[in-house]
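Coordinate inspection notes
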Amino acid sequence: MSKAKKQAASVGGSADEIEASFYEALQTADIEKLMACWADEDEIVCVHPGGPRLVGLGAIRAAFDAIFNNGSIRVQPQAVRKIESLASVVHNVRERIEVLTEDGPVQAFVIATNVYHRTAQGWRMVAHHASPGSQQEAQDGSEVPPVFH
């Protein structure tokens, strides 16, 4: 059994615990911990801000390996919105990211959607899709516009 699969068995059981492990792994550049959060399925998908759709464990791991070659990602999940069912959970998250620039660290904000399925190994991520970043904190659009018929 690979190290990632052994660790996957010890990663938390709920979607919330998997999400916490995912963001902790980003902050510590721990590729094994990060990959343990993902389901072992061919059709899992990841889209980084402005990037292509990455399908499968190999493509997702290669992308995060490349990112981690530049260090960890200083990211804090905030304002999580959840939709839950018996076998799937969708989290929409506002991510606060610290980006290093020539002028020093700057905060940026990204909106991400994380999808979790209940698998034989427990809850695991099957999709992570992040929007392009912005220096302004995105506000929720919760007011319903009028409908004209």
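Position labels on residues start from 1 in each chain and follow its written sequence. Per-residue local features of the predicted model are confined to residues with pLDDT of at least 70, and side-chain atom pairs are confined, for both listing and counting, to 80 or more; whole-chain, interface and lining totals are unaffected and use all residues. The basis for the side-chain values is all heavy atoms of the structure; hydrogens and waters are excluded.

**Topic: the sheet that holds strand β4 (residues 88-101)**
To keep things clear, this is the line we draw: At least two DSSP bridges between two strands are required for those strands to pair. Elements are defined by DSSP. Helices are runs of H or I of four residues or more, strands are runs of E of two residues or more, and each kind is numbered from the N terminus. Lines fitted to C-alpha atoms define the axes, with helix axes restricted to the stretch in contact, and inter-axis angles between N-to-C directions lie between 0 and 180 degrees.
Ordered in space as β2-β1-β6-β5-β4-β3, the six strands form an open sheet in which the pairing is mixed. The open sheet is flanked by β2 (53-55) and β3 (74-84), the only strands paired with a single partner. Here the strands of the sheet are splayed against their neighbours by 30° on average, with no regard to which way each runs.

**Description of unusual backbone geometry**
Stated formally: Working definition: with a 1.4 Å probe on protein chains only, accessible area under 20% of the residue-type maximum means buried, over 50% means exposed, and in between means partly exposed.
Its identity is not glycine, yet Ala29 carries a phi of approximately 55°, on the positive side. On the secondary structure map, Ala29 appears in the loop between α2 (15-28) and α3 (31-36). For Ala29, a relative accessible area of 28% translates into the label partly exposed. Despite not being glycine, Ala79 shows a phi value in the positive range, around 45°. Along the chain, the position of Ala79 falls in strand β3.

**Some words on the nonpolar core**
Formally: We call a set of buried residues a nonpolar core when its members are Ala, Val, Leu, Ile, Met, Phe, Trp, Tyr or Cys and they connect through side-chain atoms within 4.5 Å of each other. Should any heavy atoms of two residues lie within 4.5 Å, those residues are considered in contact.
Among the nonpolar cores identified, the biggest contains 32 residues, and Phe22, Leu26, Leu34, Trp38, Ile60 and Phe64 are the most heavily contacted of them. Elements represented by at least two residues in this core include exactly α2, α3, α4 (57-68), β4, β5 (104-119) and β6 (122-130). The dominant element in this core, judged by the number of residues it contributes, is α2, at six residues. Leave out the neighbours within four places in its chain, and Phe22 touches Leu34, Cys37, Trp38, Phe64, Met125 and His128.

**Regarding the pattern of salt bridges**
Which entries qualify depends on this criterion: The term salt bridge refers to a side-chain nitrogen of Lys or Arg lying within 4 Å of a carboxyl oxygen of Asp or Glu.
Summed over all chains, the structure comprises five salt bridges. Glu32 serves as the salt-bridge partner of Arg61, at 2.6 Å between the closest nitrogen and oxygen. With a gap of 29 residues between them, Arg61 in helix α4 and Glu32 in helix α3 connect regions that are remote in the sequence. Judged by its relative accessible area of 27%, Arg61 falls in the partly exposed class. Looking at Glu32, the relative accessible area reads 18%, which means it is buried. Across the pair Arg61 and Asp65 runs a salt bridge whose closest N-O atoms are separated by 3.9 Å. Of this pair, Arg61 and Asp65 both sit in helix α4, four residues apart, which is roughly one turn of the helix.

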